[in-house]
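Read off the chains here:
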Amino acid sequence: MKSRPTQVIGIASGKGGVGKTTVSVNLAVALQAQGERVMLLDADLGLANAQIAFGTPCPANLSHFLAGHKSLPEIIVTTRSGVKLVPGASGMQEMAGISALQTASILQAFSELEDELDYLVVDMAAGISPSVIAFMRACPRRFIVVRDDPSSIADAYGTIKVLIQDCNVDEIYLIPNGMSSQQAGQQLHERINQVCARFLGRSVGYLGTVEQDELILSALKKHQPVLEFAPGSGGSRDFRRLADATRQLPAVERASGELQFFVERLVGQVH
Ligand SMILES: Nc1ncnc2c1ncn2[C@@H]1O[C@H](COP(=O)(O)OP(=O)(O)O)[C@@H](O)[C@H]1O
Ligand SMILES: [Mg+2]
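Residues numbered from 1 in each chain as written. Chains lettered and ligands numbered in written order. Predicted model: local features only at pLDDT ≥ 70, side-chain atom pairs only at ≥ 80, totals over all residues. Heavy atoms only, no water.

1. Details of the pairing of strand E1 (residues 7-12)
Phase 1 of the analysis: Across the six residues that make up E1, a large majority, six, are buried.
Phase 2 of the analysis: The alternating pattern of E1 places Gln 7, Ile 9 and Ile 11 on one face and Val 8, Gly 10 and Ala 12 on the opposite face, and all of these are buried.
Phase 3 of the analysis: The pairing of E1 with strand E5 (residues 119-123) spans five bridges and is classified as parallel. Within the sheet, the bridge partner assigned to Ile 11 lies in E5 and is Asp 123.
Phase 4 of the analysis: Here E1 runs beside strand E6 (residues 141-146); their pairing, made up of four bridges, is parallel. (Buried < 20%, exposed > 50% of the residue type's maximum accessible area, 1.4 Å probe, protein only. Helix = DSSP H or I, 4+ residues; strand = E, 2+ residues; numbered from the N terminus. Pairing = 2+ DSSP bridges.)

Here you go:
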């Protein structure tokens, strides 16, 4: 029997192309390798690419589920790593275009998975549209991926600001990505954290840094997570550290269970 509820983690960045999918996929694989039971929900319905990063053929995806042609268990695939994947759909309207009933049915199905999962990692779409914010609010813990460039920093800050001011939420951790060193990542976190403390009156946590590693790009070209493609690489080391840090965070606990909470929050927000 499980000792704690499923931990639900939303991964966002504001800006696209900074590494949300890379972090989501490799963090999921690293957690699974450490003995956790992990599912990744690709919540990007515009440009779903988690399935490409895993290299797992997906005969059906969320669009088939939403159209009522498949059940959730029928669209879930198990990747080579053992991580379960709920494939997103490409070219669909974003989540905001989906009715509350459809959203309810997606997520209702998740609450039945509570006993089977230790972690649910949610890979968000880019931007801070109402649907992304709704998803992020529904996740009790959030990791913001940020690169050391002005537009990524501005977008990460914008995402944090909306979450803190409009939703009054805590549990936000930064993951600097594509950095030259761990120290440079820590410094980037300090810079952003100072701005958050000064202007938002809140601080954001630091989870760990992923350094720039060309093998991460090579792995994607081979449709493999870097942990599978190059387990000895710096990138793989960084993702294992992120998984360690994630597992050391205190569990977020609620009587109703995390997945159910996630469902209730989402269904209550997306219209
Ligand atoms: N630490 C890194 N080192 C090298 N390349 C990276 C790193 N993180 C991400 N990338 C590359 O950057 C590109 C965008 O990453 P992706 O995860 O798809 O971003 P997002 O999901 O935020 O749009 C991909 O080609 C990916 O391989
Ligand atoms: Mg992505």
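2. Here's the deal with the site of ligand 1
Phase 1 of the analysis: Surveying the vicinity of ligand 1 reveals 17 residues, the closest of which are Gly 17, Lys 20, Thr 21, Thr 22 and Asn 177.
Phase 2 of the analysis: Between Val 18 and ligand 1, the recorded distance is 3.2 Å, taken from a backbone N or O atom to an oxygen atom.
Phase 3 of the analysis: Within the backbone of Asp 213, an N or O atom sits 3.0 Å from a nitrogen atom of ligand 1.
Phase 4 of the analysis: For ligand 1, whose accessible area on its own is 570 Å², the fraction buried by protein is 83%. (Near = heavy atom within 4 Å. Polar contact = N/O pair within 3.5 Å; in protein donor to acceptor, adjacent residues only side chain to side chain. Areas by Shrake-Rupley, 256 points an atom, 1.4 Å probe, with all protein chains shown as cover.)

3. Observations regarding the packing of helix H6 (residues 130-138) against helix H7 (residues 150-167)
Phase 1 of the analysis: Following both chains from N to C, one finds H6 and H7 inclined at 70°, their axes separated by 11 Å at the closest point. Classified by the interaxial angle, the pair formed by H6 and H7 is roughly perpendicular. In this structure, H6 crosses over H7, and the sense of that crossing is right-handed. Of H7, the residues touching H6 (which contributes Ile 133, Met 136 and Arg 137) are Val 162, Leu 163 and Cys 167. (Axes fitted to C-alpha atoms, helices over the stretch in contact; angles between N-to-C directions. Parallel < 35°, antiparallel > 145°, perpendicular 65-115°, else oblique. Left-handed = near helix turned anticlockwise from the far one by under 90°. Contact = heavy atoms within 4.5 Å.)

4. Remarks on the pairing of strand E7 (residues 172-179)
Phase 1 of the analysis: Among the eight residues in E7, seven count as buried, and that is most of the element.
Phase 2 of the analysis: Strand direction decides the pairing type here: E6 and E7, joined by five bridges, are parallel. If you follow Val 146 over to E7, its bridge partner there is Pro 176.
Phase 3 of the analysis: In this fold, E7 hands off to helix H8 (residues 182-199), which returns the chain to strand E8 (residues 205-206); that crossover is right-handed.
Phase 4 of the analysis: Direction of pairing for E7 relative to strand E9 (residues 210-211): parallel, over a ladder of two bridges. Among the inter-strand pairings, Met 179 is bridged to a residue of E9, identified as Glu 211. (Right-handed = clockwise from strand over helix to strand, strands pointing away.)

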